[in-house]
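Listed here are the chains, written in short residue letters.
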Amino acid sequence: MIFVLNESEMETLFQRIHKDYETFGSVEESGEIVFDRIDSFSEISDEKSSYAPKDFLITRSANILEVPKPEKKAVFGIKSCDLRGFQIMDLQILGKDLSYTTRRENTMFVNSVCTEMCHGGFCTAFGGPVLDKYDIQVMRSGDEYYVQASEKFRGYFRDFRPSDDDPFTGYNDQFSQRHGKIEADGIENRIKWSSSLWTEYAKRCISCGACNYSCPTCYCVDIYDDEDGRKQEWDSCILEGFTRTSAGNIRPDLSDRLRQRFFHKYKYYKLSRDEYLCTGCNRCVDDCPVDIDIKEVITHDYTVE
Amino acid sequence: MLLTVCPYCGTGCQMNVEFMDGHVTVHGYNKSPVNHGKLCIKGYQGLSYSSSSKRITHPMVRKDGKFVEVSWDKALDYVASRLNQIKKSYGPDAVAFQSSAKCTNEENYLMQKIARLFGTNNVDHCARSCHSSTVAGLIRTLGTAAATGSIESLKDSGTYFVIGSNTTEQHPIIGTTIINETRRGKHLIVADPRRTKMALNAEIFMQFMPGSDVALLNSMMNVILKEKLHDTEFIKSRTENFDEFAKEIEKYDPAVTESITGVSPDLVVKAARLYASEKPSAILYGMGITQHVHGTENVMSVSNLALLTGNLGKRGSGIFPLRGQNNVQGSSDMGSLAEFYPGYAAVGSDISKFEELWQTKLPNKVGLMLSEMFDAAVSGTLKAIYVMGENPVITEANISEVEKGIRNLELFVVQDIFMTETAAMADVVLPAATALEKEGTFTNTERRVQRIVPVKEPPGEARQDWWILSELSRKLLGSKGYDSPQEIFEEIRKAIPNYSGISYDEIYPLGKQWPVNKSSPNGTEILHVEKFTRGPGRFVPVQYKPPSGVASNDYPFILTTGRNYFHWHSGTMTRRSDILERESPSPYVEISREDAKKLNIRNGQVIGVESSIGKVSLPARTTDAIPEGIVFIPFHFKEARVNALVGDNLDPYSKIPEFKVVAVKVIP
C-alpha cells in the first residue's frame, strides 16, 4: 500500500518511530552530509550522504567477544543504493555474522528514492532508485511524500491517507531513460582475467583502501587478537596482507588484488549469489585518490585486448 | 562527527572522526582544500592507537628503579625542583628541552618559551633530523623556509621534478595529485636511488647514487645554461650572485658527472630541457635531499635550479619541501629550534622584541641542537633533558650514544602517550594526550594553519601537552600559565608576524596559509610573487663533495634509511593498528635481486648489515626497485634499530645527520 503524506505528517510518522527507536538521519555538518542522532524529521537532508552508513551494521572496529546488545535504531535519509548494499551483503553474512545479524534485525531503514542522478552515479545499471525490498521507502514529490512500508512497519501509518497514484511502479525505467544506463548485465562473462586494466590501475593505485571502506557492499573484516580481546577491523582486499599466508601470497601483485576486487564484484558474487556486489553508488570513484573508475571495468571493451 | 586534522604526515588532511564505545570512524572531508575528501591508509587505519589500553594514564616517578604513580602536583613539583637544582649547580645550559613536531603550535611555542625563560637556547626537536637543512638553505637563498605554493596550485604546473621523495608513500595525497595530473598530460621527472611508484609514473626517471644530488642538479643546470634555457629576465630583475654561480656550474657537464651520479648524460639533458621549457615547473623534495652532510647545499642547489629558470613566484612553479611530521612546519615556525626564536628570528641577532614580549632578559647564544644534545650528555656537560613526544632511542642517529647519554643524565623527563623505548629510560614519565584528544593548531606543509579539535577524552590522568607545560611553567618559572590553547595562540600572533592576522575562530575548519597579516588577511597561497622575502633571490655556487659514507672494500654497500607506507617513525602509533601492523609486521632490508644472487641470499633470509659503528640482523627483501650496491632499511622497528648503524656525520650548516648514506657490509 502507498501512502501520501505532507511535511507535518512525515514529522508525525517520525515521532511515532522516534518513540520506539533511537533515531538517526543524514544531516548537514560543516558542508558534509553525515549521519547523526536526530529528533525531528526536519533535520534530515535531501542530499546523498557523504559516505555509506555501513558502520550502523559493521562498525569499523569491534570487540567480537562481546555479545552484541540489541539496540533499536532507525536510520532516516539513507539513499536506496546504500540500503541495497546491506541487502546484497545479507546474502553472504546475514545469519552467519552474529553482530551483523543482531544489528540488521534491530535497525530499520527509511530509504529515500533519488529524483535526480547523483554525480557519477550509475544505479540504473543495477535496477535504480526504487527498491523491491524496504522497511519504509520514501519518494518526495514537491511538498508531498509518497511512502511505502513493509508489513512490519504498516502500524505506523494508521490514519494516514492512502495514495491513489503509484509513482513507484515504472519509476526505475523512467529514471533510466532520463539519466541513461550503463549495461552491466553479462559483465560476468565479458570481464577478462588478462586485461591490461589491472596493471594500468596498479601503476597508480596507492593501496589506501578507500574503495573498500567507502563501498556499501564490502563486508570483509580482519580478525585479530590483542591485549584487550578478540577484535575485528574493516579490511581491504587491495592490501597485500589480506591474502598473505604461510605458504606465500596467492595475490602477490597489486594488479592481482585490484582484479580480485572487480572479479568478486562482477563475476564471483554473481555466480555464487546471483547478484552483482555493487549498487552503482559511485562512492569508490568519489573517494579514490587516483581516479580509478569502476564504471570503466563494466564498459571496457575486453574483446579488443 | 568532528572535523579535525590527520595526525600523521605534513600534508595535513582534514577528516571527520567519531569515537564511539572505544571505536573510531573516519571519513575524509570533501570540502577540504588540502585533500578533497581523500585519505591514505594511515588516515583510514591509523587512529586506533588513541584508544589503546596500553596508553600511560598516570604521572610516574622512578623510585628505587621502579615507576611509582604520583599526582600531577607531585610529579611536576619534583621536575621543577630538580631542574632548578641543576640550574643552580651547573647553570641553565646544563638543561635541554626536546620539543615535538607531533605537538601543536601552542605546545611548541610554550616549550621553547619555557626553555628560554629558564635561561637556555637548548631547545630543539625532530625538525633537526628532517628539514633543518631546508630551513638553513632556503633562508639563505629566498628568505623563507617553507613551500612556496599550495597543494592546490600544483594542479597548474606544467612539469614536476620530484627528487628524494617517495611521495605516494610519504605524502600520499600530494603524490596522487601529481599522478592524476600526469594522466592529464603534465610532465613528471623523478630522481631517486629507488624505483618508487612515482618513478613508475614518470616520463624521465634518473636513478642516481645516494649522496650525488649536487652533481646531478648542477649537471642539469649546466645543460640549461649551455642550451640557453635559463630565464635571463628573471635572473636580472630578481636575483643576485648569478655570475659566480654560473662559473661553478661550468664544471658539471653531464658526461663528467655520470661517473658520480650513475645517470646517463642523455637523461640529464632530457630532464633539464623538460624542467626548463615546460613551465611552470615545481620541484618537490623530501628527506632524500635534506638528510645528508651536504643537506643544506642540496637545498641551495634546488633553489638555484628554480631561480635559474624563473620557476618561483608564479602559480604552478616553486619549491615544495615536503614536511614529514604533521606539524613540523609549525613547530619550526614557533622557534623550537636552538638557533631561532619564534618566526625564525636568529639567535644572536636583536631579540629585544621577545625580551619585551616576555618581560625578561633572554639568552642569545645558539643552543645545543638535537644531534648534539646526547653527545653533550655523554661528555657530562648536559645534566638534564626534558623530552616531549619524541622517541630518540629509536629515531636518532647513533643510538648507542643516545642511550649512553641518557644513562649519564641526572634527570631525564619524558612526556608521551605511551611507554616508549625512550620513556622506559626516564626518571619521570608524564602522560600526554594524543592529537585526537587535543585542541590547538597544526601548520601543514603548505603553511596552512589548521585547527584541531578533541574527538575523545584522554584516558585516566593523561593531559594535553599545553596544560602540562603551562603547569610546569608555573612551578618552574613562577609564570602565571595559560587557560587555553587560544590564549597561547593570541600570544603567538604577537610573536610571529606571519601569524599576526590569523583569527583563531575564523580558521576553523579550512585554515589559512601564512603569512596572514594586515596586507593579506586571507593568507598567502604563493610566496615571493613580487620579490623574495630576503629581497633578491640569491644564487649560491655549490661545489659537489662526496658524502661521508663512501663504499669501500670493507663496506661495499651504501645503506639508505627511511620510512615505509604503513608505519610512522618509531611505530609508537602505527604499530598499534591491526591493519598497518599486519601490512608491515617486521623489519627488513631491501636488496637488489642481483646482489642477493651474488651473495646467495634468498628472499626472507635473515642477514646481517654492519657499518663501522653498529650491526643489525633482519630478513632480506629482494627487489627490482633498488639498484645493485644499495640497501634500504626502514627505521620503524625496535627489533632492528637501523639508527645503530648511522654515524655522527652532520651537515655543518644545519647539524642534520646523514641518514641517507651509510657505508655498510652485508653478511649473508
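Above this text you will find the structure in question.
Residues numbered from 1 in each chain as written. Chains lettered and ligands numbered in written order. Predicted model: local features only at pLDDT ≥ 70, side-chain atom pairs only at ≥ 80, totals over all residues. Heavy atoms only, no water.

So, the overall build of chain B
Broken down by element type, chain B carries 24 helices and 28 strands. At 24 Å, chain B has a C-alpha radius of gyration in line with the 26 Å of a compact globule built from 668 residues. Taken over the C-alpha atoms alone, chain B extends approximately 70 × 65 × 50 Å along its principal axes. Classification of the 668 residues of chain B by burial places 68% in the buried group. Here the contacts in chain B between residues at least 6 apart in sequence split such that 75% fall between residues at least 24 apart. Taken as a whole, chain B presents about 21400 Å² of accessible surface, with 49% of it coming from carbon and sulfur. Of note, chain B has its 74 positive side-chain charges centred 1 Å away from the centre of its 74 negative side-chain charges. (Helix = DSSP H or I, 4+ residues; strand = E, 2+ residues; numbered from the N terminus. Rg over C-alpha atoms; globule rule 2.2 N^0.38 Å. Buried < 20%, exposed > 50% of the residue type's maximum accessible area, 1.4 Å probe, protein only. Contact = heavy atoms within 4.5 Å. Areas by Shrake-Rupley, 256 points an atom, 1.4 Å probe, with all protein chains shown as cover. Lys, Arg positive; Asp, Glu negative; His and termini not counted. Charge placed at Lys NZ, Arg CZ, Asp CG, Glu CD.)

What to know about a negative patch on the surface
All names here are of chain A. Taken together, the side chains of Glu-200, Glu-296, Asp-301 and Glu-305 define an acidic patch exposed on the protein surface. Note that Glu-305 resides in the segment after α10 (294-299). Glu-305 gets classed as partly exposed once you look at its relative accessible area, which sits at 35%. (Patch = residues over 30% accessible without salt bridge, like charges linked within 9 Å, V, L, I, M, F, W, Y side chains within 5 Å. Salt bridge = Lys/Arg side-chain N within 4 Å of Asp/Glu carboxyl O.)

Comments concerning helix α11 (residues 242-249) of chain B
Residue and element names in this part refer to chain B. Along α11, the positions that sit buried rather than exposed are Phe-242, Phe-245, Ala-246, Glu-248 and Ile-249. The buried residues of α11 occupy an angular sector of 160 degrees when projected down its axis, which confines them to one face. In α11, the exposed positions that point more than 90 degrees away from the buried face belong to Asp-243 and Lys-247. (Arc of directions from axis to C-beta.)

Section: the packing of aromatic side chains
According to the stated counting rule, one finds 37 aromatic pairs over all chains in the structure shown. Centre to centre, the rings of Phe-340 of chain B and Tyr-344 of chain B are 5.6 Å apart; their planes meet at 75 degrees, and the pair counts as edge-to-face. Tyr-344 of chain B shares its class with Phe-340 of chain B; the two are buried. Put simply, the rings of Trp-193, Trp-198, Tyr-201, Phe-262, Phe-263, Tyr-268 and Tyr-302 of chain A touch in pairs and so form one group of aromatic residues. Over the ring of Phe-118 of chain B we find Lys-87 of chain B, and its NZ or CZ is 4.6 Å from the ring centre. Over the aromatic face of Trp-568 of chain B sits the side chain of Arg-563 of chain B, whose NZ or CZ is 4.1 Å from the ring centroid. (Phe/Tyr/Trp six-rings, centres within 6.5 Å; stacked < 30°, edge-to-face > 60°. Lys NZ or Arg CZ within 6 Å of the ring centre and 35° of its normal.)

Points about the nonpolar core
Counting residues in hydrophobic clusters, the biggest one holds 130 residues, and the most contacted among them are Ile-17, Ile-136 and Phe-157 of chain A together with Phe-97, Tyr-386, Leu-430 and Tyr-499 of chain B. Considering each element in turn, this core owes the most residues, 7 residues, to helix α2 (residues 72-90) of chain B. For Tyr-386 of chain B, the residues in contact, after removing those within four places along its chain, are Val-79, Ala-96, Phe-97, Gln-98, Met-111, Val-413, Gln-415, Leu-430, Ile-468, Leu-469 and Leu-472 of chain B. Counting 54 residues, the second-largest nonpolar core is a separate cluster that includes Ala-272, Leu-307, Ile-319 and Tyr-344 of chain B. (Core = buried A, V, L, I, M, F, W, Y, C linked by side-chain atoms within 4.5 Å.)

Here we look at the state of the cysteines
Applying the stated rule across the entire model yields 0 disulfides over all chains. You can see Cys-215 of chain A has no disulfide; the closest cysteine sulfur is in Cys-218 of chain A, sitting 3.7 Å from it. Judged by relative accessible area, which is 7%, Cys-215 of chain A ranks as buried. Note on Cys-40 of chain B: no disulfide assigned, nearest cysteine sulfur contributed by Cys-6 of chain B at a separation of 6.4 Å. Judged by its relative accessible area of 11%, Cys-40 of chain B falls in the buried class. (Disulfide = S-S within 2.5 Å.)

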